[in-house]
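# Chains, contacts and geometry: an overview
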Amino acid sequence: MIIGSIDSLDDSHVRYPAMVQKALDYLREHDFTQLADGRYPIDGDKCVANLQRYTTRSYRECHPETHTKYVDIQFVVEGEEYMGWCPFSPDLTVLSPYDAEKDITFYESLIPESNIVLSPGRFAVLYPEDVHRPQGAVDDTPGKVTKVVVKIAVDCL
């Protein structure tokens, strides 16, 4: 997992893969507060932004997940979100087996668990080995969030 700020991309010493950089540039160049929820292609089906608005939930109601075919870039536009994370491990218990159509596996819990708060302008780049639990409420108090999740095909990296 890579965590960063869209405002400090020019000062960053991180060299992102070309498609990740393209997606981050796209996020920086668009005002998502003025766009409707939905799917926005960045590079055909290889790189797509999904804009969504929702209310965060108690982290106990959110299930950790992984993806096999896509890397996620989760970017918060408005609000705050408590995100859990752990590296993939054989200690994880599968809650729902891999769904190839939705490219997702759900797990019972994160082992070991680390957490971050994504606030406006912050992003997390999540690779297939990054188990993550999005949409958590900060301080267990539900709040409104506007978020863009960019899906990048792993074979583009």
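Residues numbered from 1 in each chain as written. Predicted model: local features only at pLDDT ≥ 70, side-chain atom pairs only at ≥ 80, totals over all residues. Heavy atoms only, no water.

Under the annotation held in an unreviewed UniProt entry, the protein carries the name YhcH/YjgK/YiaL family protein and is attributed to Selenomonas ruminantium.

### Notes on the layout of surface pockets
In this structure, the largest pocket spans a volume of roughly 190 Å³. For the largest pocket, the full set of lining residues is Arg 39, Asp 45, Val 48, Asn 50, His 67, Tyr 70, Lys 102, Asp 103 and Lys 151. Grouping the amino acids of the lining of the largest pocket by side-chain chemistry returns 2 nonpolar, 2 polar and 5 charged. (1 Å grid on protein atoms, 1.4 Å probe; cavity = no way out; pocket = protein on both sides within 12 Å on 5 of 7 lines; lining within 4 Å. Points joined across faces, edges and corners; volume = space filled by probe spheres on them. Nonpolar A, V, L, I, M, F, W, Y, C, P; charged D, E, K, R; others polar.)

### So, the pattern of salt bridges
One pass over the structure, following the stated rule, counts 9 salt bridges. Note that Arg 53 is salt-bridged to Asp 37, the shortest N-O span being 2.3 Å. Here Asp 37 lies in the loop between helix H1 (18-29) and strand S2 (38-43) and Arg 53 lies in strand S3 (residues 47-55), a separation of 16 residues in the sequence. Classification of Asp 37 by relative accessible area gives partly exposed; the value is 40%. (Salt bridge = Lys/Arg side-chain N within 4 Å of Asp/Glu carboxyl O. Helix = DSSP H or I, 4+ residues; strand = E, 2+ residues; numbered from the N terminus. Buried < 20%, exposed > 50% of the residue type's maximum accessible area, 1.4 Å probe, protein only.)

### Brief notes about the nonpolar core
Core analysis: the largest hydrophobic core is formed by 24 residues, its most contacted members being Leu 24, Leu 27, Ile 73, Phe 123, Val 148, Val 150 and Ile 152. When contributions to this core are tallied by element, the ones reaching two or more residues are H1, S3, strand S5 (70-78), strand S10 (122-126) and strand S12 (144-153). Among the elements that line this core, the one with the most residues is H1, at 6 residues. Once you skip the residues sitting within four places of it in the chain, Phe 123 turns out to touch Ile 2, Ile 3, Gly 4, Ser 5, Ile 6, Leu 9, Tyr 16, Leu 24, Ile 73, Gln 74, Phe 75 and Leu 118. Judged by nonpolar contacts, the second largest core, of 6 residues, contains Val 76, Met 83, Ala 124 and Leu 126. (Core = buried A, V, L, I, M, F, W, Y, C linked by side-chain atoms within 4.5 Å. Contact = heavy atoms within 4.5 Å.)

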